[in-house]
Amino acid sequence: GSVSPEFAFLDQNFYRGRLRSNPSIFFMLESVHEEHLLALDVTAWLFLAQITGDLPLPADCEINQFNRETLIEAMDSPLLRRQVDPAYRAKWENTIRVDHWAEDRSDCRTRDMIWNLWDIQYRILARDALDSGYPLGIGSFDTLNERGQAL
């Protein structure tokens, strides 16, 4: 069957917090890295870049491609996929029990999954920082620099 993800950080009705049906409206949606003041600041810069025209609203086909590529990248993280893909979440909940290694944060495989989740989250933040002209460089969507890895 088809998978219809429930987007928290990547809602198809939005482009980087901007409502596609009314591009004058911005929403600071739940973020994958909401616990950091840095993410809030980068998001404010991202909105400012869009408002001032430094980061213009692309054509719909480009927005769809941007969102699709971000989602595909996010699917590489089992923990992130569990958050955005209801079919994957259901399979996880029916398969993974409390005594499974994936539920044990001291297990090195679980730590690797958590690190992978953080890596994707911070690469998205790095992309937004770079695209908005944010003064603190933490890398790019492809790779985090030393400062980005330290987050």
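Residues numbered from 1 in each chain as written. Predicted model: local features only at pLDDT ≥ 70, side-chain atom pairs only at ≥ 80, totals over all residues. Heavy atoms only, no water.

Enquirer: I'd like a description of the overall build of the protein chain, backed by residues and values.
Expert: A tally of regular secondary structure across the protein chain gives six helices and two strands. In the protein chain, the order of α-helices and β-strands from amino to carboxyl end is β-β-α-α-α-α-α-α. Expressed as a percentage of its 151 residues, the buried residues of the protein chain come to 38%. Put simply, of all contacts in the protein chain between residues at least 6 apart along the chain, 53% involve residues at least 24 apart. By element, 53% of the accessible surface of the protein chain is carried by carbon and sulfur atoms, the whole surface being about 9,000 Å². (Helix = DSSP H or I, 4+ residues; strand = E, 2+ residues; numbered from the N terminus. Buried < 20%, exposed > 50% of the residue type's maximum accessible area, 1.4 Å probe, protein only. Contact = heavy atoms within 4.5 Å. Areas by Shrake-Rupley, 256 points an atom, 1.4 Å probe, with all protein chains shown as cover.)

Enquirer: Give me the pattern of salt bridges: which residues, what numbers.
Expert: Scanning the entire structure with this criterion turns up nine salt bridges. Where Asp 128 meets Arg 16, a salt bridge forms, and the shortest distance between an N and an O atom there is 3.1 Å. Separated by 112 residues along the polypeptide, Asp 128 in helix α5 (residues 108-132) and Arg 16 in the loop between β1 (14-15) and β2 (18-19) bring together distant segments of the chain. On the basis of relative accessibility, which here comes to 12%, the residue Asp 128 falls in the buried class. When the shortest N-O distance is used, the salt bridge between Arg 82 and Glu 103 registers 3.8 Å. With Arg 82 in helix α3 (residues 78-84) and Glu 103 in the loop between α4 (86-95) and α5, this residue pair connects regions lying 21 residues apart in the sequence. (Salt bridge = Lys/Arg side-chain N within 4 Å of Asp/Glu carboxyl O.)

Enquirer: Can you explain the environment of Leu 57? Please cite residues and give values.
Expert: Mapping Leu 57 onto the fold places it in the loop between α1 (37-51) and α2 (60-74). Look at Leu 57 and you get partly exposed, because its relative accessible area is 33%. For the pair Leu 57 and Tyr 15, spaced 42 residues apart in sequence, the C-alpha to C-alpha distance is 8.0 Å. In contact with Leu 57, not counting residues within four places along its chain, are Tyr 15, Arg 18, Pro 23 and Ile 63.

Enquirer: How would you explain the packing of aromatic side chains if you had to name every residue and give the values?
Expert: Scanning all chains against the criterion turns up five aromatic pairs. One cation-aromatic arrangement involves Arg 123 over Phe 141; the distance from NZ or CZ to the ring centre is 5.2 Å. (Phe/Tyr/Trp six-rings, centres within 6.5 Å; stacked < 30°, edge-to-face > 60°. Lys NZ or Arg CZ within 6 Å of the ring centre and 35° of its normal.)

Enquirer: Provide a residue-level description of α2, including the pertinent values.
Expert: For α2, which comprises 15 residues, the first-to-last C-alpha distance of 21 Å matches the rise-based estimate of 21 Å (1.5 Å per residue) to within 8%. For α2, the full list of buried residues reads Ile 63, Phe 66, Asn 67, Thr 70, Leu 71 and Ala 74. In a view along the axis of α2, the buried residues occupy a sector of 125°, so they form one face of it. Opposite the packed face of α2, turned more than 90 degrees from it, sit the exposed residues Cys 61 and Ile 72. Of the surrounding secondary structure, the elements contacted by the buried residues of α2 are β1, α3 and α5. (Expected span 1.5 Å × (residues − 1). Arc of directions from axis to C-beta.)

Enquirer: Run through a nonpolar patch on the surface, naming residues and quoting values.
Expert: Together, Met 28, Leu 37 and Leu 40 make up an exposed nonpolar region whose accessible area comes to about 320 Å². A relative accessible area of 69% places Leu 37 in the exposed class. (Patch = residues over 30% accessible without salt bridge, like charges linked within 9 Å, V, L, I, M, F, W, Y side chains within 5 Å.)

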